[in-house]
Amino acid sequence: MSSDVPENFEDRLRQRASTTRNTNTLETIPVNHQPHDNIPNTPLAASTISFLLGSIFSLGLTLFLTGGISDRWWATYQLGFFLAAWSGFHWGEFAVTAGWNRDKCSVDSFLLDNGAMYHIANGTALVEYLITLYLKPSLKAHHYISLIGIIMAVIGQTLRASAMIQASTNFSHIVALRKLPSHRLVTDGVYSVFRHPSYAGFFYWALGTQLVLQNPISSIGFVLVLWRFFSRRIKVEERALVNFFGEEYDNYRRRVSTNIPFIR
């Protein structure tokens, strides 16, 4: 008898599960890297996270559009926008990856497993906002600052999503150190104005969320931490891009700025 034929019921179940994994279009198994596995990489996990993010987004957007709840000191339009922006960003990362970069899509594409410091930073921002709002609400009454933050966050989110969609399979949440046959250098569209539009988009989105909350301490902290992070990441990524594309990338780098402050 051929060894390919399952000998018992358990073998048949394992073979069926393997076949299902290989053909099920709902599976989110990236081609070029393994998920972190801190969050189960399953359709159930992806749908549950989407539901939770969607719920937070809906509550936040409602709070923002209604101008807050007057008899709840903490339920402000500023907090509503922050919650909607935060949840919308993470859902959008997964949605754009699933739609335009399917081979790299996994539950990690939500970017919720983004390191402890990321969540500490956002938690600290909320604590700063709520403590200041409770003790000195007049410090959160400069609505023009929040308006600037809203515009900045929307532009940043749009820029990042546009960059990911335009780059499509050339985009990766993980810096690629090995050139694939499908890799091409994208220099048109938003890439003709921003050399790293997804990074610039995130930078201005994150800063915008802190301006909405009128958080002076977190705003400064976000700028310093993000500048340091992107400055280092861009150096590593551009070394790889020079190896991939040589003079073509050198010319592009000289021609187009990052448009992130103090990162040429």
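You'll find the structure just up there.
Quick look at the structure, then. Remember, predicted model here, so these are calculated numbers, not experimental data.

A word on unusual backbone geometry
(1) Moving on: Phi at Ser168 takes a positive value of approximately 55°, unusual for a residue other than glycine.
(2) Moving on: Within the secondary structure, Ser168 sits in the loop between α5 (143–167) and α6 (197–213).

What to know about the pattern of salt bridges
(1) Moving on: What the rule picks out here adds up to five salt bridges.
(2) Moving on: Measuring nitrogen to oxygen at the nearest pair gives 2.8 Å for the salt bridge that ties Glu93 to Arg160. With Glu93 in helix α3 (residues 77–100) and Arg160 in helix α5, this pair connects stretches of sequence that are 67 residues apart.
(3) Moving on: Residue classification places Arg160 among the buried positions, given a relative accessible area of 6%.

Topic: empty space enclosed by the protein
Picture a little ball the size of a water molecule; that probe, rolled over the atoms, points out where space is still empty.
(1) Moving on: One pass over the structure, following the stated rule, counts one cavity of 30 Å³ or more.
(2) Moving on: Taken as a whole, the largest cavity spans an internal volume of roughly 420 Å³.
(3) Moving on: Forming the boundary of the largest cavity are 23 residues, of which Asn170, Phe171, Tyr191, Glu237 and Leu241 lie nearest the centre.
(4) Moving on: Listing elements by their share of the lining of the largest cavity, those giving two or more residues are α6, α7 (216–245) and α8 (247–255).
(5) Moving on: It is α7 that contributes the most residues to the lining of the largest cavity, four residues altogether.
(6) Moving on: Residues of the lining of the largest cavity, tallied by class, amount to 15 nonpolar, five polar and three charged.

Notes on α7
(1) Moving on: Along its 30 residues, α7 runs 41 Å from first to last C-alpha, staying within 8% of the 44 Å computed at 1.5 Å per residue.
(2) Moving on: Immediately downstream of α7, the backbone of Gly246 shows phi near 60°, a positive value.

Points about the side chain of Ser219
(1) Moving on: Within the fold, Ser219 resides in helix α7.
(2) Moving on: Not counting the four nearest positions on each side in its chain, Ser219 is found in contact with Leu207, Gln210 and Leu211.

Some remarks on helix α2 (residues 43–65)
(1) Moving on: Over its 23 residues, α2 extends 32 Å from the first C-alpha to the last, a length consistent with the 33 Å expected when each residue adds 1.5 Å.
(2) Moving on: Those residues of α2 that sit buried are Ala45, Ala46, Ile49, Leu53, Gly60 and Leu63.
(3) Moving on: For α2, the secondary structure elements touched by its buried residues are α3.
(4) Moving on: Positive backbone phi, approximately 80°, marks Gly67, located one or two places after α2.

What counts and what doesn't
- Residues numbered from 1 in each chain as written.
- Predicted model: local features only at pLDDT ≥ 70, side-chain atom pairs only at ≥ 80, totals over all residues.
- Heavy atoms only, no water.
- Helix = DSSP H or I, 4+ residues; strand = E, 2+ residues; numbered from the N terminus.
- Salt bridge = Lys/Arg side-chain N within 4 Å of Asp/Glu carboxyl O.
- Buried < 20%, exposed > 50% of the residue type's maximum accessible area, 1.4 Å probe, protein only.
- 1 Å grid on protein atoms, 1.4 Å probe; cavity = no way out; pocket = protein on both sides within 12 Å on 5 of 7 lines; lining within 4 Å.
- Points joined across faces, edges and corners; volume = space filled by probe spheres on them.
- Nonpolar A, V, L, I, M, F, W, Y, C, P; charged D, E, K, R; others polar.
- Expected span 1.5 Å × (residues − 1).
- Contact = heavy atoms within 4.5 Å.

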